[in-house]
Amino acid sequence: MDKIVCTCGNVNPAGTLLCESCGRPLNKETADKKLVDMRYEGSARRSQTYNKTIIDKVWNFFSSVKVGVWLIVIILVAASIGTILPQVFYVPATTEEDIAAYYERIYGTFGTLYYKLGLSDLYSSWWFQGLIGMLGISLIIASLDRVIPLYKSLKKQKTKRHTSFLKLQRLYGIGNIENGEESIRKAEEKLKTMRYNVKREGNALLAERGRFSRWGPYINHLGLILFLFGVMLRALPGFYVDETMWLREGETLYIPKTDGYFLESKEFIYETYSKEESEEVFGDAIDRVGTIAKNYQSNVALYKGPEGAVAGHLDDLTFEKEAAIQVNKPLKFDNFSVFQMDFRLDELASMTFQLQDKLTAESFGEFTINLADPEPVYELQNGSKVEILDYYADFTGFEDGVPQSKSPLPNNPAFLVKMYTPEFPKGETSFVMIKETLEPLGENVHKIAFQSVETRDVSGLTIRKDLTLPILMLGGLIFMIGVAQGSYWNHRRIWIQRLEDGQVVIAAHTNKNWLSIIRDMDAVSEVANLPKYEDQQDEDSKENKEEGV
Amino acid sequence: MVEVSSTLLFIAFVAYLVATFLFGGAVKSSSSQASKSFERWGKLAITVTIIGFISNIGYFITRWIAAGHAPVSNLFEFTTAFGMLVVGAFILIYFIYRIPALGLFALPIAIIIIGYASMFPRDITPLIPALKSYWLTIHVITAALGEAILAISAVAGLIYLLKNIDMTKKSKQRFWIEAVMYVAVLVLGFIVATTTFTLADYKVEFNYVNKEEQVLKMEYNVPPIFGMNESEAITENAMQPLMEMPPLVNAKKLTVVTWSVIFGTVIYILLRLIFRKRIAAVLQPFTKKANSQFLDEIGYRSVLIGFPVFTLGALIFAMIWAHEAWSRFWGWDPKEVWALITWLFYAAFLHLRLSKGWQGQKSAWLALIGFIIIMFNLIAVNLIIAGLHSYA
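Residues numbered from 1 in each chain as written. Chains lettered and ligands numbered in written order. Predicted model: local features only at pLDDT ≥ 70, side-chain atom pairs only at ≥ 80, totals over all residues. Heavy atoms only, no water.

With that out of the way, let us pick up the overall build of chain B. Secondary structure assignment for chain B yields eleven helices and five strands. The C-alpha atoms of chain B give a radius of gyration of 22 Å, which matches the 21 Å a tight globule of 392 residues would have. Over its C-alpha atoms, taken along the principal directions, chain B stretches across nearly 70 × 50 × 45 Å. In chain B, the proportion of contacts linking residues at least 24 apart, taken out of those at least 6 apart, comes to 74%. Per element, the accessible surface of chain B, about 16,700 Å² overall, is 69% carbon and sulfur. Of the side-chain charges in chain B, 30 are positive and 21 negative, and the distance between the mean point of each set is 19 Å. (Helix = DSSP H or I, 4+ residues; strand = E, 2+ residues; numbered from the N terminus. Rg over C-alpha atoms; globule rule 2.2 N^0.38 Å. Contact = heavy atoms within 4.5 Å. Areas by Shrake-Rupley, 256 points an atom, 1.4 Å probe, with all protein chains shown as cover. Lys, Arg positive; Asp, Glu negative; His and termini not counted. Charge placed at Lys NZ, Arg CZ, Asp CG, Glu CD.)

And the structure:
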């Protein structure tokens, strides 16, 4: 395509609407408008100029603000659909079948449909992420398409503009002024005190202020692009860890995915607000709601294992530090954070039994079973012993005569044991449950009598490493700088020119906040004798004038 | 301290009510001879507004001292703070543009918001562990301030539409602006209904079976139209619900909504009978003196001022805190999603305005829709959609 040569002699790139130098409209459509369209200064944007190759077409598609707004609206609607029912990660089920069953049980047919359509995991679906990706591409292309020509054309703009350009500005006035040169000089002084950047060229004056606010949108887009890039980085190995662990009081466990760190739980603390301590202020609330939780806290010790230490080997641990992990106060070490997320109170820890003669209750000794790790045999006094043949931590009943355990958590422990005493060296078999005993192989003489139980609390912890955070923070910061720059400042320009016939022209443009530039114009008009201007877009004041108010 | 706090809030409430009428005077005083009396009314109105606002801040501070934490931790406190900040944002914008009509519409909206807030339990609740953080103060106040400034854009939009829609001819716009008025009256209906039944000390209790098949107790403070799943009255001689709902539906909330609609509709019909005009047409004369060009600019400017504040409070601070409290900066919790939706919506607003030249009526309608989204996030997401943010 050919370059466009303006009457003033400036050579503009193809597609330019307003001459970069003097501002003359370069085609009839632009000249015939009531007001000139000042967006991007009428500069030549690639997307408006070329439309031949596929690259042109893709570029034009993504550079369009219309497309961008549609993407925003589609994402917005899709995101709202995802909040109709809870997403899968908030549903108390883990397997696909359980999840499907949950949606059906709680939400009926609609729930099943929601689940089947994949709306229950909408935000990680390929099409939702695809939309976000397209928005990201749109951000990059739309910004590039505009910022470069805008920069060039603001840099090239001449102080002296053609009258056809000035006439099409929203604020415009023309009139015969005595001693026009004197007025322009006064205006120049005044504008300088108002922190305008003033340039002169013969009879023309250009006062400009806050041009940097024009870059705000592009800077905030840059911040967003950086943020999205940071989110994408998470998919790379090593950048992101999200693990959970259950840690029992007194237990020391390897912290998943860390470089040989171990965590010991000293104590879990659960506190609620008591009426006594806060009667006056919180009394009513506690009466109304019942118990209100005050604190969830795991007191822990952090250890570092030797090089190459693996889970289960607790030798040679070096103590690192003690910490109290509370909600809102995670334990931090080595790019990792450990969060207090959940807890279980009073989980069974150990059970103490006595081997007894059923009739006389004569004791053959006591033994304590650690429910997390029962020993195969418990030796008692005088050669008696109890052998644990099988252990069912979470006993749920028999299926075809076989005892079942639904989880490894000691919620309802049961044991198949063999009891040996000097009288019965061959042993007697018994099935021991809480509060009940079965004798599957015939009547026994001895029994296992329950004595006592010990419980402990379990902390539910989340282990997180996120190396993308600094990038996300930087993206957020750049976005905020850009959005503030574009929102709280504005680009104002005032042109004053004395024409050859002695008339003075005044025109002004701002990208936003017209009230302020009108105030500036009035302040200048007060000291310098300038023609009256009017807001060519203000229908109301025109109406008022016509009505004669 | 708690009583002082409540008194100050009441004073603020009354001051806003008085100031509304004063702004009405400022707008009404007939145009030709009256620029002086016009100014006097306006000055008086903004003075009373500021007195009310100071008293409102007094409420906020005294309650903060009494509770030991910023009073933004439950639905009453947050909504009241939002109402207060709407007034603050209005004062700010008023001193830039000095359009009295803005006060005439912004203050009643703040009054309705504070009135709505007072319908929820007002006692001071101690903080649950998740809320114990200085981010509570920073995140919630910044987010509420951003929303309040954005709300002013809707007020300007509303005035713009009331002024510029032709009320004499049938049109889509005339229908929808009246629909907006009707919804506002429904909120009033909620306040009137709740207050009426509270004053009558209405209370009945039911047992019901929830979706997890547990038997629970539910207290109704309004006559039960809809009953909870398999509900049985505990209170003697209690009115039987007219219809029973499946376990998924919270029939109590549905009942409250139904009563609000009944009361609101009755009030609306009464208003129509008294004025013999559409509500929008009744309000139109009050907007005549406001300059459309400036209203449009206020609508745009308040979005420009509010959008960065909203981003900072409702997204950035929110993410920092979420990472501290819940171990992840973003979890697609409904409240988070709706904050994102609000943000995306205003981003679309700005792009449509900048690039597509959506000014005037289109922009005003968008500003109103934005406010509806904000209110949806405040009310519906807390009350209907269960999530991590349901503290009410």
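Our next topic: the confidence of the model for chain B. Fine structural detail should not be taken from predicted coordinates in areas where pLDDT scores are low. Per-residue pLDDT for chain B averages 88, and the proportion of residues at 70 or more is 95%. Across chain B, element-level confidence peaks in helix α5 (residues 134-164) of chain B with a mean pLDDT of 94 and bottoms out in strand β4 (residues 232-233) of chain B with 81. (pLDDT = per-residue confidence, 0-100.)

What follows deals with the interface of chain A and chain B. On the side of chain B, 66 residues touch chain A, which itself brings 62 residues to the contact. Buried surface at the junction of chain A and chain B, both sides included, amounts to about 5,500 Å², of which 65% is carbon and sulfur. At the junction of chain A and chain B, the tally comes to one salt bridge. Ionic pairing is found between Glu324(B) and Lys332(A), a salt bridge with its closest N-O pair at 3.5 Å. Applying the counting criterion to the chain A and chain B interface returns 15 residue pairs in polar contact (both at pLDDT 80 or more). Ranked by residues supplied to the side of chain A that touches chain B, first place goes to helix α11 (residues 469-488) of chain A with nine residues. Grouping the constituent residues of the side of chain A that touches chain B by class yields 36 nonpolar, ten polar and 16 charged. (Buried area = accessible area lost by both parts, 1.4 Å probe. Salt bridge = Lys/Arg side-chain N within 4 Å of Asp/Glu carboxyl O. Polar contact = N/O pair within 3.5 Å; in protein donor to acceptor, adjacent residues only side chain to side chain. Nonpolar A, V, L, I, M, F, W, Y, C, P; charged D, E, K, R; others polar.)

Let us look at the sheet that holds strand β23 (residues 503-510) of chain A. All names here are of chain A. Pairing is antiparallel across the open sheet formed by six strands, whose spatial order is β4-β5-β22-β23-β3-β24. Two strands close off the open sheet at either side, each with one partner strand: β4 (197-201) and β24 (534-535). One ladder, built from six bridges, connects strand β3 (residues 171-176) with β23; its direction is antiparallel. Pairing of Ile-174 across the sheet is with Val-505, part of β23. In the packing of helix α12 (residues 514-527) onto the sheet, the strands contacted are β3, β5 (204-209), β22 (492-498), β23 and β24, and the crossing angle to β23 comes to about 150°. (Pairing = 2+ DSSP bridges. Axes fitted to C-alpha atoms, helices over the stretch in contact; angles between N-to-C directions.)

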